[in-house]
Every structure is written in structure tokens, then in C-alpha cells.
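Observations on chain architecture
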Amino acid sequence: MGSPDRATSIFSMPAYSGYGASHFERLLKGVDQWLRVAEDNDFVYVQLVKADNFYQLPVTVKQIRPIPGGAEALVDVFSDTAHQNLTFQGLTVVMPAGSRIASQLTANQATYLLGFLSVNLKKALLLAQGHEGRNGAVSGRSALEFFAFGVPLNKAVANSNCQEEND
């Protein structure tokens, strides 16, 4: 996760917003179909889906615990500002030691988190054990994680304002 002196560079960017529920709700509800893991004698396979990956998630923090290099929170994700429409239970949120967000979260807190989804490959490896090939693949749901930069400073966006450049 880096040294604590680098953690000060992990923060919410003032002029940047993540995607809201219109982008993450269907993705999180379908995680058991698109995040699949399997192995063979030489490799671990992780099936992903192409999707946007910088989100503002309305969450309720269930618990927080220290981990080497930071903190880990277990959260429930909602698709509404009132935190009533449960979209995903038990998402692991990773926060580096020394970052502002690692010290801001408390259990039973309803808040928003800004960051990106990631797959913990060590957890994927453990889940894949004994499940060979595409037909034997199992859900990698518990390997899904969210790396939190902080709380959002702006409203969520529905579309990106970035335009791709052609070389």
C-alpha cells in the first residue's frame, strides 16, 4: 500500500466526480455472473466485465479493522441517497494507512465513498482452488474490493466529460 508519507497523496480530487448508481447498481447486482474464478495446473483465471471504474458509493459502514499498511472496512452499498435500496452487502473497502479516509470512517456510519473497484488476487486464488476451467468457475464475489480515496466533493456524474484523442 505504500509508506505513510505517500498516503497523504490519497484524497478526493476537488474537480473530479465518480459515476453514481446508474453505473454501479447493475454491475454490483450482477457480480456473481461476471466475476468468476477458476484454475488449472498453471494459472488462475479471473473473468471480469468491461465497465466504468470510478464510483461514488452510498454506503453504511458495518465494521472497520486495521490491516498491514492501512485499514479495511466492510460496507453495504446502496443505490439511493437515503441508504434504503440495498445493492450489495459486504463489500470490502481498502484504505491506506495515513490517509484521511482511513481515520474518518466509523462503524454504523452512513456516508459516501469515492474510489474504484478492484479484485484482490490473493482472495481470487483461494476461491479458485479446486475449480478447474470455465465450466468449473465459481463466483469471485468475496474477492471484489473498493479502494477508497475519500468522500466525494461533488455530485456523481452519469457520463464522462472526457473525450478520447485519436493519434
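Numbers given for residues are sequential positions, taken from 1 along each chain in its written order. Since the coordinates come from a predicted model, pLDDT governs what is reported: local features require at least 70, and pairs of side-chain atoms require 80 or more to be given and counted, while whole-chain, interface and lining totals use all residues. The basis for every side-chain value is the complete set of heavy atoms in the structure, and neither hydrogens nor water enter the calculation.

Taken together, 3 strands build an open sheet; the order of strands is β2-β1-β7 and the sheet is antiparallel. Unpaired on one side and paired on the other, β2 (44–47) and β7 (138–139) mark the two borders of the sheet. As defined by bridge partners, strand β1 (residues 36–39) adjoins β7 across 2 bridges and the pair is classed as antiparallel. Opposite V37, over in β7, you have V138 as the bridge partner. Only strands that DSSP links by at least two bridges are regarded as paired with each other. Helix numbers and strand numbers start at the N terminus; a helix is a DSSP run of H or I with at least 4 residues, a strand a run of E with at least 2.

Here the focus is helix α2 (residues 21–29). Looking at α2, one finds that the buried residues are F24, L27 and L28. Buried residues of α2, seen end-on, are gathered within an arc of 90° and therefore sit on one face of the element. Among the exposed residues of α2, those oriented more than 90 degrees off its buried face are S22 and R26. Against the buried residues of α2 lie α3 (31–34), β3 (55–67), β4 (70–78), β5 (86–96), β6 (110–119) and β8 (144–150). The cut-offs for exposure are 20% and 50% of the maximum accessible area for each residue type, with area from a 1.4 Å probe on protein chains only; residues under the lower value are buried, those over the upper are exposed, and the others partly exposed. The arc in question is the one spanned by the directions pointing from the helix axis to the C-beta atoms. In this description, contact between two residues means that some pair of their heavy atoms is separated by no more than 4.5 Å.

With that settled, the discussion passes to helix α5 (residues 121–128). The term polar contact refers here to a pair of N or O atoms within 3.5 Å; inside protein, the definition further demands a hydrogen-donor-capable atom paired with an acceptor-capable atom, and it admits residues adjacent in sequence only when both atoms are side-chain atoms. Measuring from the backbone nitrogen of K122 back to the side-chain oxygen at the start of α5 gives 3.0 Å, which picks out N120 as the cap. Where α5 ends, the next residue or the one after it, G130, has phi of about 85°, a positive value.

Salt bridge, as applied in this entry: a Lys or Arg side-chain nitrogen positioned within 4 Å of an Asp or Glu carboxyl oxygen. Per the stated rule, a full pass over the model turns up 5 salt bridges. Between D32 and R141 there is a salt bridge; the shortest N-O distance is 3.2 Å. Taken together, the positions of D32 in helix α3 and R141 in the loop between β7 and β8 put the pair 109 residues apart, joining distant regions of the chain. For R141, a relative accessible area of 29% corresponds to the partly exposed category. A salt bridge links R65 to E72, with the nearest nitrogen and oxygen atoms 2.8 Å apart.

Turning next to the confidence of the model for the protein chain. A score from 0 to 100, pLDDT tells how confident the predictor is in each residue. Here the protein chain averages 86 in pLDDT, and 84% of its residues register 70 or above. Confidence drops under a pLDDT of 50 for residues 162–167, and excluding neighbours within four residues, the segment shows 0 contacts in the predicted structure.

Moving on: the side chain of H83. Mapping H83 onto the fold places it in the loop between β4 and β5. A polar atom in the side chain of H83 sits 3.2 Å from the backbone oxygen of T81. A distance of 3.2 Å separates the side chain of H83 from the backbone oxygen of T111, its partner in a polar contact.

Glancing now at the environment of T111. Position of T111 relative to the elements: it lies in strand β6. Each C-alpha atom, one on T111 and one on V59, is 5.5 Å from the other, the two residues being 52 residues apart in sequence. Once you skip the residues sitting within four places of it in the chain, T111 turns out to touch L57, P58, V59, H83, L105 and V151.

With that out of the way, let us pick up unusual backbone geometry. Phi at H83 takes a positive value of approximately 55°, unusual for a residue other than glycine. Exposure remark for H83: the relative accessible area of 13% places this residue in the buried category. Here N108, not a glycine, exhibits a phi torsion of approximately 70°, which is positive. Within the fold, N108 resides in the loop between α4 (100–104) and β6.

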